[in-house]
Amino acid sequence: MISSIRGEVLQVGLDHAVVEVSGFGLEVSATPQTLTELRAGSETRLLTSFVPRQDDAPLLFGFAEAGEREIFTSLLSISGVGPRLALAVLSVHTPAEVRTAIAESDTAAFTRVPGIGKKTAQRILLELAGKLVIEQPAEEPSAAGDSAGDSDGAEAAGEQVREQVREALTSLGWTEKDARTAVEKELQARPELAEAAVSEVLRQTLRSLGGPTR
């Protein structure tokens, strides 16, 4: 089992990245939020989940934190939930939000995820009830410790951010027109997103959308 990888990012696509490890280029699928934090030519470390498939090539999925991987693997244990759908859940909700939705039996939280209907949402709640508990919040790190990460990860919601969010939405199934409209509508409705990171703009836009149009 491949538990994690570390190496140089060779390429970042709409739904995957290629990371060079010991001379091999490994293709790793990830959420749009994780991919927006990767830069070609830089080094990264990702926690991973290896998903074998009987009729096709195996897939490798990458995660920025252990909580994301735990949610992902828990969702895969549910009949009818594949890796792409599990990844879509993490594209819309943080791990803490998934745990809260499970604890509160919040069906609507899961039906907001593209590809998940009411029956699948109810199955998720039923099978994960009691298995994913709400974690106690960790102590906030000092401002000094966060300054470097903030400067690297947070970008003003300018045209580059809009473009990255639109690309992520089209990769999930929305048309270019609908993606553009959704991003602009969300930025107008939530002015505070003007200073948010790409991942947060994307997450909030996904929450405002229903299923993809194609």
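Conventions adopted
- Residues numbered from 1 in each chain as written.
- Predicted model: local features only at pLDDT ≥ 70, side-chain atom pairs only at ≥ 80, totals over all residues.
- Heavy atoms only, no water.
- Helix = DSSP H or I, 4+ residues; strand = E, 2+ residues; numbered from the N terminus.
- Buried < 20%, exposed > 50% of the residue type's maximum accessible area, 1.4 Å probe, protein only.
- Contact = heavy atoms within 4.5 Å.
- Areas by Shrake-Rupley, 256 points an atom, 1.4 Å probe, with all protein chains shown as cover.
- Patch = residues over 30% accessible without salt bridge, like charges linked within 9 Å, V, L, I, M, F, W, Y side chains within 5 Å.
- Salt bridge = Lys/Arg side-chain N within 4 Å of Asp/Glu carboxyl O.
- Core = buried A, V, L, I, M, F, W, Y, C linked by side-chain atoms within 4.5 Å.
- pLDDT = per-residue confidence, 0-100.
- Pairing = 2+ DSSP bridges.
- Axes fitted to C-alpha atoms, helices over the stretch in contact; angles between N-to-C directions.
- Parallel < 35°, antiparallel > 145°, perpendicular 65-115°, else oblique.
- Nonpolar A, V, L, I, M, F, W, Y, C, P; charged D, E, K, R; others polar.

A. Main features of the overall build of the chain. When its secondary structure is counted, the chain shows 10 helices and five strands. Expressed as a percentage of the 214 residues in the chain, the buried residues total 43%. In the chain, the proportion of contacts linking residues at least 24 apart, taken out of those at least 6 apart, comes to 56%. A total of about 11400 Å² of accessible surface is found on the chain, and carbon and sulfur atoms cover 50% of it.

B. Quick look at a nonpolar patch on the surface. A surface patch of nonpolar side chains, about 340 Å² in accessible area, is lined by M1, I2 and F50. When you line up the elements, F50 lands in strand β4 (residues 43-51). Judged by relative accessible area, which is 37%, F50 ranks as partly exposed.

C. A look at the nonpolar core. Membership of the largest hydrophobic core comes to 44 residues, with the highest contact counts inside it found for F72, L75, F110, I116, I124, V165 and L169. The greatest single-element share of this core, amounting to seven residues, is contributed by helix α3 (residues 83-92). Setting aside anything within four residues of it in sequence, one finds F110 in contact with V89, V98, A101, I102, I116, A121, I124 and L125. Among the nonpolar cores identified, the runner-up in size contains six residues, and I5, V19, V28 and L46 belong to it.

D. A look at unusual backbone geometry. Despite not being glycine, S22 has its phi angle at roughly 55°, a positive value. Topologically, S22 is positioned in the loop between β2 (16-21) and β3 (24-29). The class of S22 is exposed, set by a relative accessible area of 72%. If you check the backbone angles, S105 has positive phi at about 50° while not being a glycine.

E. The arrangement of the confidence of the model for the chain in detail. Residues of the chain with pLDDT of at least 70 account for 84%, and the chain-wide mean is 81. Every residue in residues 140-157 is under pLDDT 50, and counting partners more than four places away or in other chains gives 18 contacts.

F. Highlighting the pairing of β3. As paired elements, β2 and β3 share six bridges and run antiparallel to each other. What sits directly across from V18, in β3, is E27. Adjacent in sequence and paired antiparallel, β2 and β3 are bridged by two residues, among which S22 carries a positive phi angle near 55°.

G. How the structure looks around the packing of helix α9 (residues 176-189) against helix α10 (residues 198-208). One can describe the packing of α9 onto α10 by two numbers: an axis separation of 9 Å at closest approach and a directional angle of 105°. When the axes of α9 and α10 are compared, the pair comes out roughly perpendicular. Together, A182, V183, E186 and L187 of α9 and V201, Q204, T205 and S208 of α10 make up the contact between the two elements. Looking at side-chain class alone, the contact of α9 with α10 contains four nonpolar, three polar and one charged residues.

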